[in-house]
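Spelled out from the first residue to the last, the chains are:
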Amino acid sequence: MMTFIESIQQAVQYDFILKALLVGSLIAISASVLGLFLVLKKYSMIGDGLAHVSFATVAIALWLSASPLVVSIPIVILASFFILKLSEKASMHGDAAISLVSSFSIAMAVLIASVAKGFNVDLMSYLFGSILVISNFDVAISAALSLVVIVTVMFFYHDLFAVTFDEEYAQAVGMNTKFYNYLLAVLTSITIALGIRIVGTMLISSLIVFPTVTALQVSKGFRMTILIATVISVVCVVLGVFISFAYNLPTGAVIVLMNAIAFALAFLIKALRR
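Rules of the game
Residues numbered from 1 in each chain as written. Predicted model: local features only at pLDDT ≥ 70, side-chain atom pairs only at ≥ 80, totals over all residues. Heavy atoms only, no water. Phe/Tyr/Trp six-rings, centres within 6.5 Å; stacked < 30°, edge-to-face > 60°. Helix = DSSP H or I, 4+ residues; strand = E, 2+ residues; numbered from the N terminus. Buried < 20%, exposed > 50% of the residue type's maximum accessible area, 1.4 Å probe, protein only. 1 Å grid on protein atoms, 1.4 Å probe; cavity = no way out; pocket = protein on both sides within 12 Å on 5 of 7 lines; lining within 4 Å. Points joined across faces, edges and corners; volume = space filled by probe spheres on them. Nonpolar A, V, L, I, M, F, W, Y, C, P; charged D, E, K, R; others polar. Contact = heavy atoms within 4.5 Å. Core = buried A, V, L, I, M, F, W, Y, C linked by side-chain atoms within 4.5 Å. Salt bridge = Lys/Arg side-chain N within 4 Å of Asp/Glu carboxyl O.

A.B. asks: Can you walk me through the packing of aromatic side chains in this structure?
C.D. replies: The description of an aromatic ring pair uses the distance of the two centres, along with the angle that the planes make with each other. Within this structure, the stated rule accounts for 15 aromatic pairs. Plain terms: the ring middles of Phe161 and Phe222 are 4.8 Å apart, the flat faces sit at 85° to each other, and that makes the pair edge-to-face. You can see Phe161 sitting in helix H8 (residues 157-165) and its partner Phe222 sitting in helix H12 (residues 222-247), a full 61 residues away along the chain. When its relative accessible area of 31% is taken as the criterion, Phe161 is described as partly exposed. Using a relative accessible area of 10% as the deciding quantity, one classes Phe222 as buried. Between Phe165 and Phe222, the ring centres sit 5.5 Å apart and the planes meet at 55°, which makes this aromatic pair tilted.

See the structure below:
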């Protein structure tokens, strides 16, 4: 235990660890705030699909020597709109639309990587996440956009709540449900594009799903579920960063493992209450 505590004390002396904690915590809050809306609307897998789109955009950005975030965010937003349009116009269920866009994006990423002479180290870091390459620009834009996501959800909370629980009723009383669905898609796209830097393409959707389903095991109120999910998500990110540093493990995988342990504990608590 003392060794781990000493590792934490050593870790906080490094600038890249502090950046990872700040960016990771902000993304964790954004993902967990959005997670309940997406899970209840049965759109939780959109995170996985958009992560694959984001991976393809990162491959394009690295190929063109451009900033991955600058390239990723607008394209991922457009991809989320395309998924919604497919669901609306092509008589296609949400999971099918997500799968279609996801598989196409992965194919594009592989082709681009092949043209660019293989998967280089930078691209692989986006596949599995890396806290070592978070720049000051990443910190600034992640902080700004995460705050935009959080404030937007707070501002439109009651409308998003109504659309999430009964979209048909919300539409019947005159709400512009399409606007709120697209708003959720934009906020999710931003969070996904930011999050793959910490946990990677393969694991980013877990930041949306795990804290929410964990919180649902121990809470029934909507607001309380979001609050618990947020706390769980931030704690798992902080523990994941410190444990990965102390034992030289991949950060993204450790963060997801912490979330899995939290879910197992919450599920056990729920089972014992019965």
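Back to the write-up after that little detour.
A.B. asks: Could you clarify how one ought to interpret the layout of surface pockets in this entry?
C.D. replies: By rolling a water-sized probe across the atoms, one finds the places where empty space is left. By volume, the largest pocket is sized at about 320 Å³. Lys41, Tyr43, Leu84, Glu167 and Asn181 are the residues nearest the centre of the largest pocket, which is lined by 17 residues in total. If you list the elements that add at least two residues to the lining of the largest pocket, you get helix H4 (68-89), H8, helix H9 (167-172) and helix H10 (177-195). Among the elements that make up the lining of the largest pocket, the one with the highest residue count is H10 (6 residues). Across the lining of the largest pocket, the residue classes tally to 7 nonpolar, 6 polar and 4 charged.

A.B. asks: Explain the side chain of Lys19 here, please?
C.D. replies: Among the secondary structure elements, Lys19 is positioned in helix H2 (residues 15-40). A residue is classified by how much of its surface remains accessible, and Lys19, at 15% relative accessible area, is buried. Among residues more than four places away in sequence, those in contact with Lys19 are Gly24, Ile134, Ser135, Asn136 and Val139.

A.B. asks: Just checking my understanding: could you explain empty space enclosed by the protein for this structure?
C.D. replies: For the structure on display, the rule yields 1 cavity of 30 Å³ or more. Roughly 60 Å³ of internal volume is contained in the largest cavity. Around the largest cavity, the lining residues are Ser54, Val58, Pro68, Leu69, Ser72, Tyr126, Asp138, Ala193, Leu194, Ile196 and Arg197. Residue assignment for the lining of the largest cavity shows that the elements contributing at least two residues are helix H3 (46-63), H4 and H10.

A.B. asks: Hey, could you run me through the side chain of Thr214 in this one?
C.D. replies: Locating Thr214 in the fold gives a position in helix H11 (residues 204-218). For Thr214, the contacting residues outside a window of four places in its chain are Ile232, Asn259, Ala262, Phe263 and Ala266.

A.B. asks: What is the right way to read H11 from this model?
C.D. replies: Because each turn of an α-helix spans 3.6 residues, side chains separated by three or four positions end up pointing in the same direction. Where H11 is concerned, the buried positions are Ile204, Ser205, Ser206, Leu207, Ile208, Pro211, Thr212, Thr214, Ala215 and Gln217. Tucked inside the fold, the buried residues of H11 contact H2, H3, H10, H12 and helix H13 (251-273).

A.B. asks: I'm lost on the nonpolar core in this one. Help?
C.D. replies: Generally speaking, nonpolar side chains in soluble globular proteins are found buried as a group. Counting 75 residues, the largest nonpolar core has Phe37 and Leu207 as its most contacted members. Ranked by residue count, the leading element in this core is H2, at 12 residues. Excluding residues within four positions of it along the chain, Leu207 makes contact with Ile27, Ala31, Ser32, Val199, Ser233, Val237, Ile255 and Asn259.

A.B. asks: Any chance you could explain the pattern of salt bridges here in plain terms?
C.D. replies: Here the structure, examined in full by the defined rule, presents 2 salt bridges. The shortest N-O distance in the salt bridge between Asp15 and Lys19 comes to 3.2 Å. With Asp15 and Lys19 both in helix H2 and 4 residues apart, the pair spans about one turn of that helix. Where Glu167 meets Lys41, a salt bridge forms, and the shortest distance between an N and an O atom there is 3.1 Å. Taken as a pair, Glu167 in helix H9 and Lys41 in the loop between H2 and H3 lie far apart in primary sequence, 126 residues in all.

By themselves these figures say nothing about function.
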